[in-house]
Amino acid sequence: MAGTAGRAAKAMRAGHQASAGELLELVRSGRATTRGALQQATGLSRATVGQRLDRLFRAGWLREGAGGPVDSPQGGRPSITLEFDDEHAVVLAADLDTRHGRAAVVSLSGEIQAEHHGSLRIEDGPDAVLGELGRWFAELLEKAGQRADAVCGIGIAVPGPVDTDTGKVVQPPIMPGWDGYDIRGRLGRAFAEHAGTKSAGGATGAGVTRSSARIPVLVDNDANLMAYGEQRTGYPDCSAFALVKVSTGIGAGMVVGGSIYRGVDGGAGDIGHIRVGADALCRCGSYGCLAAVASGGAVARRLAESGVPATSGSDVRDLLTAGHPEAMALAREAGRQVGDVLATVVTLLNPGVLMIAGDLAGTPFLTGVRELLYQRALPRSTAHLDVVTSRLGERAGLVGAGALVVEYLYAPERVEERLAALGV
């Protein structure tokens, strides 16, 4: 909520009368959780606040909680608190890597209700991969005890640059066949096919007819959504947060001011293709990219050349877990190469937290990162920097994808659209 919680207040200071969506945002953010507090925050009359809240109650998005503090200094009965009803719908979330995927049913508060992970090869193409995801989603809903019409949105993380306006990946180096593909449409159809429904767009309360619009599908880069999930759950007060995912490839996600920073067309954070002066050929077709020498895929190739069976970042992760000495030495060297690049990133962004995640995110790699980062970056840039590893682990992308959908659907302007579509 950090990126949106102040919008209602700004609008009201400009003389705008708060909408039902803005009242819902005040409740969700915890800034105003009683009718009296909403009156004070918005300047609306008691009757107008009541009318706005009635729409939200009819939609099933608000509920009454326990009694709160007395609003009046003269005393009286405790006021009834208002709560966002996080049980009225669920979100489907997926996180794709090059060789495997994860999917989950996620509550509106971010709790994972059912989860599945298994083999999904990006190189098999979007039609096959997204079709299989649709089957996973249908099975997970049954496992979670949820109906298909409880789904209000789908979020999916992919290992490539994404144009978030269209939901399409743009020239992805490690996703052959996915460039410009209609991920939203295919995944929506796959879910409808396997769940036996045509999908409704938005959940409602009892007595309200659902919209016939399709379930919204949001697509974003995996490092972006990992960063979003980690920042929101573990570092909500960090105004500049950076996450670097080092697996088969290398990418970074940044959360600035509570919102994902994507750049002008979704290309921000693609640090795996910064040139580092080596002559190694990268999968993007260029020579000397960071990913070509320091990713999990690059470490796997070097291990294979020395006779150690390894073909991917996940193989390297397994070797690191087993304490394989050559894998640990190569991971530390890769960390030093990444740390050299991150010295520039830290100087430019000045984050409060730099998180290392992905297959290589362990002690050897992190040690290498710190060696070069603190050696090359100015002390001023690292004085208030925490270099850490993932808290959510392999669930980070799922949590971030779920949060992205919730923030999209319950943003004030979209709340108004959805309430109007529901006729409340």
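The preceding data block contains the structure.
Now for a description of the structure that goes with this document.

Rules and cut-offs
Residues numbered from 1 in each chain as written. Predicted model: local features only at pLDDT ≥ 70, side-chain atom pairs only at ≥ 80, totals over all residues. Heavy atoms only, no water. Core = buried A, V, L, I, M, F, W, Y, C linked by side-chain atoms within 4.5 Å. Buried < 20%, exposed > 50% of the residue type's maximum accessible area, 1.4 Å probe, protein only. Helix = DSSP H or I, 4+ residues; strand = E, 2+ residues; numbered from the N terminus. Contact = heavy atoms within 4.5 Å. Pairing = 2+ DSSP bridges. Phe/Tyr/Trp six-rings, centres within 6.5 Å; stacked < 30°, edge-to-face > 60°. Lys NZ or Arg CZ within 6 Å of the ring centre and 35° of its normal. Lys, Arg positive; Asp, Glu negative; His and termini not counted. Salt bridge = Lys/Arg side-chain N within 4 Å of Asp/Glu carboxyl O. Expected span 1.5 Å × (residues − 1). Axes fitted to C-alpha atoms, helices over the stretch in contact; angles between N-to-C directions. Parallel < 35°, antiparallel > 145°, perpendicular 65-115°, else oblique. Nonpolar A, V, L, I, M, F, W, Y, C, P; charged D, E, K, R; others polar.

1. Description of the nonpolar core
Then, in step 1: The biggest cluster of nonpolar side chains holds 56 residues, and the ones touching the most others in it are Leu38, Leu56, Trp61, Phe241 and Tyr410.
Then, in step 2: The dominant element in this core, judged by the number of residues it contributes, is helix α14 (residues 396-409), at nine residues.
Then, in step 3: Apart from the residues lying within four places of it in its own chain, the contact partners of Leu38 are Leu23, Leu26, Val27, Ala32, Gly43, Val49, Leu53 and Leu82.
Then, in step 4: Grouped together as the second largest cluster of nonpolar side chains are 38 residues, Ala300, Ala334, Phe365 and Val387 included.

2. A closer look at the sheet that holds strand β12 (residues 259-260)
Then, in step 1: Strand order in the open sheet made by the five strands is β12-β11-β10-β13-β14, with mixed pairing throughout. In this open sheet, the two strands that pair with only one neighbour each are β12 and β14 (386-389).
Then, in step 2: Two strands pair when backbone bridges link them, and strand β10 (residues 240-246) and strand β11 (residues 250-256) are joined in this way by seven bridges, in the antiparallel orientation. Across the sheet, the residue bridging to Ala240 is Val256, located in β11.

3. Here's the deal with the packing of aromatic side chains
Then, in step 1: Enumeration according to the criterion identifies three aromatic pairs in this entry.
Then, in step 2: Seen from their ring centres, Phe84 and Tyr410 are 5.0 Å apart, and the 75 degrees between their planes marks the pair as edge-to-face. You can see Phe84 sitting in strand β2 (residues 80-84) and its partner Tyr410 sitting in the loop between α14 and α15 (412-422), a full 326 residues away along the chain. Side by side, Phe84 and Tyr410 carry an identical accessibility label, which is buried.
Then, in step 3: Of the aromatic side chains, those joined through ring pairs into one cluster are Trp61, Phe84 and Tyr410.
Then, in step 4: Lying over the aromatic face of Tyr235, Arg391 brings its terminal NZ or CZ to 4.6 Å of the ring centre.
Then, in step 5: Against the face of Tyr410 rests Arg418, its NZ or CZ located 4.8 Å from the ring centre.

4. Some words on the side chain of Asp95
Then, in step 1: Mapped onto the fold, Asp95 is located in strand β3 (residues 90-96).
Then, in step 2: Buried and unpaired, Asp95 has no salt bridge, with Lys245 as the nearest side chain of opposite charge at 5.1 Å.
Then, in step 3: For Asp95, the contacting residues outside a window of four places in its chain are His100, Gly101, Arg102, Ala157, Asp222, Glu394, Gly397 and Leu398.

5. Some remarks on the pattern of salt bridges
Then, in step 1: Evaluation of the coordinates by the stated rule reveals 25 salt bridges.
Then, in step 2: Among the salt bridges present, the one from Glu123 reaches Arg121, with a minimum N-O distance of 2.1 Å.
Then, in step 3: Measuring nitrogen to oxygen at the nearest pair gives 2.8 Å for the salt bridge that ties Arg147 to Asp149.
Then, in step 4: Beyond isolated ion pairs, a larger network of salt bridges with shared partners links Arg102, Glu115, Arg317, Asp318, Asp359, Glu394 and Arg395.

6. Description of unusual backbone geometry
Then, in step 1: For Gln171, which is not glycine, the phi dihedral falls at a positive 45 degrees.
Then, in step 2: With respect to the helices and strands, Gln171 occurs in the loop between β8 (168-169) and α6 (183-195).
Then, in step 3: Owing to a relative accessible area of 64%, Gln171 belongs among the exposed residues under this scheme.
Then, in step 4: The backbone phi angle of Asn350 is positive, close to 55 degrees, even though this residue is not glycine.

7. Notes on helix α9 (residues 296-305)
Because an α-helix packs 3.6 residues into every turn, residues spaced three or four apart end up facing the same way.
Then, in step 1: Within α9 the residues assigned to the buried category are Gly296, Gly297, Ala298, Val299, Ala300 and Leu303.
Then, in step 2: Buried-residue contacts for α9 involve β10, α8 (290-294), α10 (313-321) and α11 (325-349).
Then, in step 3: At the exit of α9 stands Gly307, carrying a positive phi of roughly 95 degrees.

8. Digging into helix α12 (residues 363-376)
Then, in step 1: Taking 1.5 Å of rise per residue, the 14 residues of α12 would be expected to cover 20 Å, and the 20 Å separating its terminal C-alpha atoms lies within 8% of that figure.
Then, in step 2: Of all the positions in α12, only Pro364, Phe365, Leu366, Gly368, Val369, Leu372 and Leu373 are classed as buried.
Then, in step 3: Elements that come into contact with the buried residues of α12 comprise β10, α8, α11, β13 (353-357) and β14.

9. Overview of the packing of helix α2 (residues 20-29) against helix α4 (residues 46-59)
Then, in step 1: With their axes 9 Å apart at the nearest point, α2 and α4 run at an angle of 80 degrees to one another. In terms of axis orientation, α2 runs roughly perpendicular to α4. Facing α2, whose interface residues are Ala20, Leu23 and Leu24, α4 presents Val49, Arg52, Leu53, Arg55 and Leu56.
Then, in step 2: Residue composition of the contact of α2 with α4, grouped by class: six nonpolar, no polar and two charged.

10. Description of the sheet that holds strand β9 (residues 217-221)
The strands that make up a sheet are held in pairs by hydrogen bonds between backbone atoms, and each pair lies either parallel or antiparallel.
Then, in step 1: The mixed open sheet is built from five strands, whose spatial order is β5-β4-β3-β6-β9. Sheet topology places β5 (112-119) and β9 at the edges, where each strand pairs with a single neighbour. Pairwise comparison of adjacent strand axes, ignoring direction, gives a mean angle of 15 degrees for this sheet.
Then, in step 2: Pairing analysis gives seven bridges linking strand β4 (residues 100-107) to β5, with the strands arranged antiparallel. Across the sheet, the residue bridging to Val106 is Ile112, located in β5.
Then, in step 3: Against the sheet, helix α7 (residues 222-234) contacts β3, β6 (151-158) and β9, and its axis sits at roughly 100 degrees relative to β9.

11. Some words on the environment of Gly258
Then, in step 1: With respect to the secondary-structure elements, Gly258 resides in the loop between β11 and β12.
Then, in step 2: The exposure class assigned to Gly258 is buried, which follows from its relative accessible area of 10%.
Then, in step 3: C-alpha separation for the pair Gly258 and Pro236, spaced 22 residues apart in sequence, amounts to 7.6 Å.

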